[in-house]
Amino acid sequence: MPLRALTTLTLLILTASLAACAETQPAEPSPVASPSASAALFASEEEATQAADALIKEYWAAINTIFKAGGQETGILEPLVTERLLILEREDAAIFKRSEFRQFGDYAVVGTAFQQMFQGADSVQLIVTTCVDYSQVKAVNSQGQEAVRTHSAPQFQHQVTIHVTEHSGQRSMRLDDSEPMPESPC
């Protein structure tokens, strides 16, 4: 065996041996469903669902206001959504504004259902589904042209993630995601 091949083989074996001996850090534990978390912030799943439904309806009312104004007034979302979602909503509103679109009609929310609740380090993550009705909404640009929807269903489910925290006895809920599921009509 040539010396170069033997040296390469020795280095590979040594590297593999060292990698096997190296200490690995345990993975960050994922949130675990916790009845105590839900008991601390909500008296029941029904209470959690009602609170989520109220927040979701307020969120969609704000979305209606923003897009009816042509992508203006995104600040009304600040008390309703996480910083991550606020950035995304502002980007969407900016595209709507640049394209000179206005929304006509309102999105409506019907039938919020509890899915699960997870305890995090300092918050609870509440996951629900809700039906969003798109049937009364049109987006029209300044030339009067109507935008074409990517999904033709008039209603479909959204999986909604809400972060819940408590500070000084006050519960705070902020919507973090409203993921449309067009394959799941209402």
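Peer 1: Whenever I open this one, the overall build of the chain confuses me. Can you help?
Peer 2: Within the chain one finds four helices and seven strands. Listed by position from the N terminus, the elements making up the chain come as α-β-α-α-α-β-β-β-β-β-β. Residue burial in the chain is summarised as follows: out of 186 residues, 35% are buried. Across the chain, contacts joining residues at least 24 apart in sequence account for 64% of those joining residues at least 6 apart. A total of about 11500 Å² of accessible surface is found on the chain, and carbon and sulfur atoms cover 55% of it.

Peer 1: Help me understand the layout of surface pockets, please; the structure alone is not making it clear to me.
Peer 2: Regions of empty space are outlined by a rolling probe, equal in size to a water molecule, passed over the atoms. Put simply, the largest pocket is a space of about 990 Å³. Taken together, 29 residues form the lining of the largest pocket, with W60, F67, D92, Y107 and Y134 sitting closest to its centre. Those elements that place two or more of their residues in the lining of the largest pocket are helix 3 (45-68), helix 4 (83-98), strand 2 (101-104), strand 5 (138-141), strand 6 (155-167) and strand 7 (170-181). With six residues, the single largest contributor to the lining of the largest pocket is helix 4. Of the residues assigned to the lining of the largest pocket, the class counts are 17 nonpolar, six polar and six charged.

Peer 1: How should I be thinking about the confidence of the model for the chain in this particular structure?
Peer 2: As a general rule, the predicted coordinates of low-pLDDT regions are not to be interpreted in detail. Across the chain, the average pLDDT comes to 82, with 78% of residues at 70 or higher. Predicted confidence is poor over residues 1-39, with pLDDT under 50, and the contacts of this stretch with residues over four places away or in other chains come to 14 contacts.

Peer 1: Teacher, can you tell me more about helix 4 here?
Peer 2: In an α-helix, one turn spans 3.6 residues, which is why side chains three or four residues apart end up on the same side. Taking 1.5 Å per residue, 16 residues should reach 22 Å; helix 4 reaches 22 Å between its end C-alpha atoms and fits that length. Of the positions making up helix 4, those classed as buried are L85, L86, E89, A93 and F96. Viewed along the axis of helix 4, the buried residues span an arc of 100 degrees, placing them on a single side of the element. Across from the buried face of helix 4, at angles greater than 90 degrees, the exposed residues are E83 and R98. Tucked into the core, helix 4 has its buried residues touching helix 3, strand 2, strand 5 and strand 7. Downstream of helix 4 by one or two residues, E100 has phi in the positive range, about 55 degrees.

Peer 1: Can you help me understand the nonpolar core in this one?
Peer 2: Note on soluble globular proteins: their nonpolar side chains tend to be buried together. Among the nonpolar cores identified, the biggest contains 37 residues, and F42, W60, L77, L126 and I162 are the most heavily contacted of them. Secondary structure elements with two or more residues in this core: helix 3, helix 4, strand 3 (108-119), strand 4 (124-133), strand 6 and strand 7. Counting residues per element, this core draws most heavily on helix 3, at 11 residues. Not counting residues up to four positions away in its chain, the partners in contact with W60 are Y107, V109, V132, Y134, H158 and S178.

Peer 1: So what exactly am I meant to see when it comes to the packing of aromatic side chains here?
Peer 2: Inspection of every chain in the model, using the stated rule, returns six aromatic pairs. Arranged with centres 4.9 Å apart and planes meeting at 55 degrees, the rings of W60 and Y107 form a pair that is tilted. In this pair, W60 is assigned in helix 3 and Y107 in the loop between strand 2 and strand 3, connecting sequence segments 47 residues apart. Note on accessibility: W60 and Y107 belong to one class, buried. Centroid distance Y134 to F156: 4.8 Å. Interplanar angle 20 degrees. Geometry classified as stacked. Of the two residues, Y134 is situated in the loop between strand 4 and strand 5 and F156 in strand 6; the sequence distance between them amounts to 22 residues.

Cut-off values and rules
Residues numbered from 1 in each chain as written. Predicted model: local features only at pLDDT ≥ 70, side-chain atom pairs only at ≥ 80, totals over all residues. Heavy atoms only, no water. Helix = DSSP H or I, 4+ residues; strand = E, 2+ residues; numbered from the N terminus. Buried < 20%, exposed > 50% of the residue type's maximum accessible area, 1.4 Å probe, protein only. Contact = heavy atoms within 4.5 Å. Areas by Shrake-Rupley, 256 points an atom, 1.4 Å probe, with all protein chains shown as cover. 1 Å grid on protein atoms, 1.4 Å probe; cavity = no way out; pocket = protein on both sides within 12 Å on 5 of 7 lines; lining within 4 Å. Points joined across faces, edges and corners; volume = space filled by probe spheres on them. Nonpolar A, V, L, I, M, F, W, Y, C, P; charged D, E, K, R; others polar. pLDDT = per-residue confidence, 0-100. Expected span 1.5 Å × (residues − 1). Arc of directions from axis to C-beta. Core = buried A, V, L, I, M, F, W, Y, C linked by side-chain atoms within 4.5 Å. Phe/Tyr/Trp six-rings, centres within 6.5 Å; stacked < 30°, edge-to-face > 60°.

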